[in-house]
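# Summary of structural features
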Amino acid sequence: MRTATPEDVLAFSSLTDVSITPDGALITFTRCEPFKEYQGFVKRQIWAVPTSGGEPRPYTSGTRSDSSPTWSPDGRTLAFLSDRDGGLAQVYLLPRAGGEARRLVQTAGCIHEIAWSPDGTKIGILMSDPEPADALERRRRGDDAAEFEQAHAWWRVWSADVASGELRQLTTGDVQIWEFGWAPDGGLALLTAAEPYEWSWFATSVAYVGPDGGVPRTIYQVPEKCFAMPRVTPDGACVAVLSGIWSDRGMNAGDLLLIPIGGGAPRNLTEGYPGSLWWYQFSPDMARVDYMAYERGEGAVGQIDLAAGTGPVARARGEFAISESYLSRYIADDGTVALVRSDATTPQEVWTLDAAGEWRKLTALHAELAAELAVGEQRTVRWRSADGLEIQGILILPVGYQPGKPVPMVTWVHGGPAWLYLHNYYVANRALQLFAGDGYAVFLPNPRGSNGWGVEFLELNIGDFGGKDYEDIISGIDELVAEGIADPDRLGIGGWSYGGYMTAWAITQTTRFKAAMVGAAITNWRSFHGGAHIGLWDRVSLRANPYEQGGVFDTRAPITFVERVTTPTLIQHGELDRIVPVDQGYEFFRALKDRGVPVEMVTYPRTGHGVIERYHQLDRMRRWVELFRQYLGEA
């Protein structure tokens, strides 16, 4: 066996969008390349595998991107999105028996989400308003002055009749719709906002509109709370939503609330639960809620018994990760669960979990390559932070680790912060086994603010970024040094997004790290607030006024303490990043260079907050490896 290379990392495809037929016989999923070529696109194809066994096979034949497969309520038709015609993705329908997919409608706006109506006669489409008719011609002649946050392109819900393809607009008025879910009678549960910009997602309301459509009616709102996955209960009485204070649209794990449509206080179905639900589904008789969750740092599949009034109980829980998609249909009528699962030694594959709790792996798409690669052993580690709170994380030991001699260690802080490290296959996921293959231990802490321990833990760092969450990380490093695993003289740190922020913050607070990788990081909270497309999130999370001099926007900004930095630093950033603008990296680079600190900054053209192009990804990983080889030395 051999250790992994950056090329190996990109050889693993990503599996997502699982959808099982109601009869439980067939599973479809999206197989996606983890990169795109220069001037290309990310290739996605829908695959299928029978639950009775057999080889998985491609289910669609598009040459570009097919995604978001979802089965009709009767299991006879698959709806999916495809850009096979070379333009914007459109809704296509494919009979279960196969054949040619047919385009349902031709839309001019960008489609964000689709969902079958309960009776199977319509497909709901969440779509942006199209560009004005003269926009292309204006760009051609250069008459394209842009009015910032004035030319609103609202997201609205439409329905397409499956038989005729007739389109009908369901939500009206100047209201942004972030997500929707059908009601049994054809009404809609909605997440709404006042303006159609990314920052407004952090100020959503729960709303409802009846079967006839119209302007959404707000039924629940809590300032500075986020919501996700709105669904109307089978009895039509309540809207269910996930709730928490989150950092990223899409990282939505939290409590499950029931909000009466007719008015009244919400009911929290997960009060005190030491976990975070990220997907749920009510049984037709409302006797139970099936769910997927993170629970105390582990993957979990479970149920809430509504009839008995009992809270979440896991039917399966362990050291594995599940590929998330809250639009997926994970559960068949007989209780069979279909999901994409991975763990420390197994890359993503499609599995089933039956009603008796038995697991079965249906695919082996990555088995051949994984069999070639040696990976470092993973362990769950727990320690007490400075204030006594128990914190959990994952330790990846060097490949071929022999106890008895401390080894160099890289701490890699996760993004969000409302995310977490699970036991995962860290060759394909985050490429962290590259460090283990070089002989380093890799420490993956889950400080307060992470998902997976309930909403209270998730929100413990609100107003305190860089405070106790930083202490959680440092105390974990201290514990591993005290245990004789980590060499205190050869410590490195890195991370992307919030992990990049925490890295930049750490090297302004201590000189113990010999090298740091600051990826897409916030380094100056005030300039971030003005320049980022999510410039409400920082006010929600820091609980402060960005214009107050000497307040939290200053006292928790790495740039404020940059004169303390001596750590050699690599900064990486996408040139088109609007979540964390690239100027954040430039500011930190200039300050370190002015002070004579060894620093290198690498930017990636055509790149936003995530690095997508193949050669950019390879470059990024190679620089990580070389940074720690240079400053941490040979293992």
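Up top is the structure.
Attention in this report is confined to the structure presented alongside it. For clarity, every value in this text was computed on a predicted model and none was experimentally measured.

### Some words on the overall build of the protein
- Helix and strand counts for the protein stand at 12 helices and 36 strands.
- In terms of overall dimensions, the protein is globule-like: its C-alpha atoms have a radius of gyration of 24 Å, near the 26 Å expected for 635 residues.
- Here the C-alpha coordinates of the protein stretch approximately 70 × 55 × 50 Å along the principal axes.
- A buried classification covers 58% of the 635 residues belonging to the protein.
- Computed over 57 positive and 79 negative side-chain charges, the separation of the two mean positions in the protein equals 2 Å.

### Side note on the pairing of strand E2 (residues 26–32)
- Taken across its 7 residues, E2 has 6 buried, putting it largely inside the fold.
- Sheet topology places strand E1 (residues 14–20) next to E2; 5 bridges connect them, and they run antiparallel. Residue pairing across strands places Ser19 opposite Thr28, the latter belonging to E2.
- The loop that links E1 with its antiparallel partner E2 comprises 5 residues; one of these, Gly24, has a positive phi angle of about 75 degrees.
- As judged from the 7 bridges shared by E2 and strand E3 (residues 44–50), these two strands associate in the antiparallel manner. Note that in E3 the partner of Leu26 across the bridge is Pro50.

### Comments concerning the packing of aromatic side chains
- Scanning the model with the defined rule gives 32 aromatic pairs in all.
- Measuring from ring centre to ring centre gives 5.9 Å for Phe80 and Tyr92, while their planes differ by 20 degrees; the resulting arrangement is stacked. With Phe80 in strand E6 (residues 77–82) and Tyr92 in strand E7 (residues 90–95), this residue pair connects regions lying 12 residues apart in the sequence. Just as Phe80 is buried, Tyr92 falls in that class too.
- A centroid spacing of 5.3 Å and a plane angle of 75 degrees characterise the contact between Phe465 and Tyr498, whose relative ring orientation is edge-to-face. In this pair, Phe465 sits in the loop between helix H5 (455–458) and helix H6 (468–482) while Tyr498 sits in helix H7 (residues 498–509), placing the two residues 33 residues apart along the sequence.
- Exposure remark for Phe465: the relative accessible area of 2% places this residue in the buried category.
- The exposure class of Tyr498 is buried, given its relative accessible area of 5%.
- Through successive ring pairs, a cluster of aromatic residues spans Phe465, Tyr498, Tyr501, Trp525, Phe528, Trp537 and Phe553.
- In this arrangement the basic side chain of Arg84 is found over the ring face of Tyr92, its NZ or CZ atom lying 5.1 Å from the centre.

### Regarding empty space enclosed by the protein
- Applying the stated rule across the entire model yields 1 cavity of 30 Å³ or more.
- Put simply, the largest cavity is a space of about 50 Å³.
- Lining the largest cavity, in full, are Ile245, Trp246, Ser247, Pro417, Ala418, Gly449, Leu458, Asn461, Ile462, Phe465, Trp537 and Ser541.
- Counted by class, the lining of the largest cavity contains 8 nonpolar, 4 polar and no charged residues.

### Quick word on the pattern of salt bridges
- Applying the stated rule across the entire model yields 32 salt bridges.
- For the salt bridge of Glu224 with Arg543, the shortest nitrogen-to-oxygen distance reads 3.0 Å. Pair noted here: Glu224 is in the loop between strand E16 (217–220) and strand E17 (226–232) and Arg543 is in the loop between helix H9 (537–542) and helix H10 (552–555), with a separation of 319 residues, a long-range link.
- The exposure class assigned to Glu224 is partly exposed, which follows from its relative accessible area of 32%.
- One salt bridge connects Arg341 with Asp343, and the closest N-O pair in it is separated by 4.0 Å.
- For Arg341, a relative accessible area of 13% puts it in the buried group.
- Note on Asp343: relative accessible area 14%, which makes it buried.
- Within the structure, one salt-bridge network assembled from shared partners comprises Arg2, Asp8 and Glu372.

### Brief notes about the packing of H6 against H7
- Interaxial distance between H6 and H7 falls to 11 Å at its minimum, and their mutual angle equals 75 degrees. One finds that H6 runs roughly perpendicular with respect to H7. Across from Asp469, Tyr470 and Ile473 in H6, the residues of H7 making contact are Tyr498, Met502, Trp505, Ala506 and Gln509.
- Broken down by class, the residue content of the contact of H6 with H7 amounts to 6 nonpolar, 1 polar and 1 charged.

### Overview of the side chain of Asn461
- Mapped onto the elements of the fold, Asn461 is located in the loop between H5 and H6.
- Polar contacts involving the side chain of Asn461 include one to the side chain of Asp469, which spans 3.4 Å.
- Those residues in contact with Asn461 that lie beyond four places of it in its chain are Pro417, Arg448, Gly449, Asp469, Tyr498 and Ser541.

### Describing the sheet that holds strand E13 (residues 176–182)
- Spatially, 4 strands are ordered E13-E14-E15-E16 in an open sheet, and the strand pairing comes out antiparallel. Two strands close off the open sheet at either side, each with one partner strand: E13 and E16. Averaged over all pairs of adjacent strands, the angle between strand axes in this sheet comes to 35 degrees, irrespective of strand direction.
- Inspection of the sheet shows strand E15 (residues 205–209) paired to E16 by 3 bridges, in the antiparallel sense. Paired with Tyr208 across the strands is Arg217, a residue of E16.

### As for the nonpolar core
- Ranked by size, the top nonpolar core spans 139 residues in total, and within it Val206, Val239, Leu256, Tyr280, Met292, Met409 and Trp525 carry the most contacts.
- Among the elements that take part in this core, H7 stands out by supplying 7 residues, more than any other.
- With residues near it in sequence (within four places) discarded, Met292 still touches Ser276, Leu277, Trp278, Trp279, Ala300, Val301, Ile322, Tyr330, Val337 and Leu339.
- Counting residues in each nonpolar core, the second largest holds 40 residues, with Trp496, Ala520, Val602 and Tyr604 among its members.

Calculation criteria
Residues numbered from 1 in each chain as written. Predicted model: local features only at pLDDT ≥ 70, side-chain atom pairs only at ≥ 80, totals over all residues. Heavy atoms only, no water. Helix = DSSP H or I, 4+ residues; strand = E, 2+ residues; numbered from the N terminus. Rg over C-alpha atoms; globule rule 2.2 N^0.38 Å. Buried < 20%, exposed > 50% of the residue type's maximum accessible area, 1.4 Å probe, protein only. Lys, Arg positive; Asp, Glu negative; His and termini not counted. Charge placed at Lys NZ, Arg CZ, Asp CG, Glu CD. Pairing = 2+ DSSP bridges. Phe/Tyr/Trp six-rings, centres within 6.5 Å; stacked < 30°, edge-to-face > 60°. Lys NZ or Arg CZ within 6 Å of the ring centre and 35° of its normal. 1 Å grid on protein atoms, 1.4 Å probe; cavity = no way out; pocket = protein on both sides within 12 Å on 5 of 7 lines; lining within 4 Å. Points joined across faces, edges and corners; volume = space filled by probe spheres on them. Nonpolar A, V, L, I, M, F, W, Y, C, P; charged D, E, K, R; others polar. Salt bridge = Lys/Arg side-chain N within 4 Å of Asp/Glu carboxyl O. Axes fitted to C-alpha atoms, helices over the stretch in contact; angles between N-to-C directions. Parallel < 35°, antiparallel > 145°, perpendicular 65-115°, else oblique. Contact = heavy atoms within 4.5 Å. Polar contact = N/O pair within 3.5 Å; in protein donor to acceptor, adjacent residues only side chain to side chain. Core = buried A, V, L, I, M, F, W, Y, C linked by side-chain atoms within 4.5 Å.

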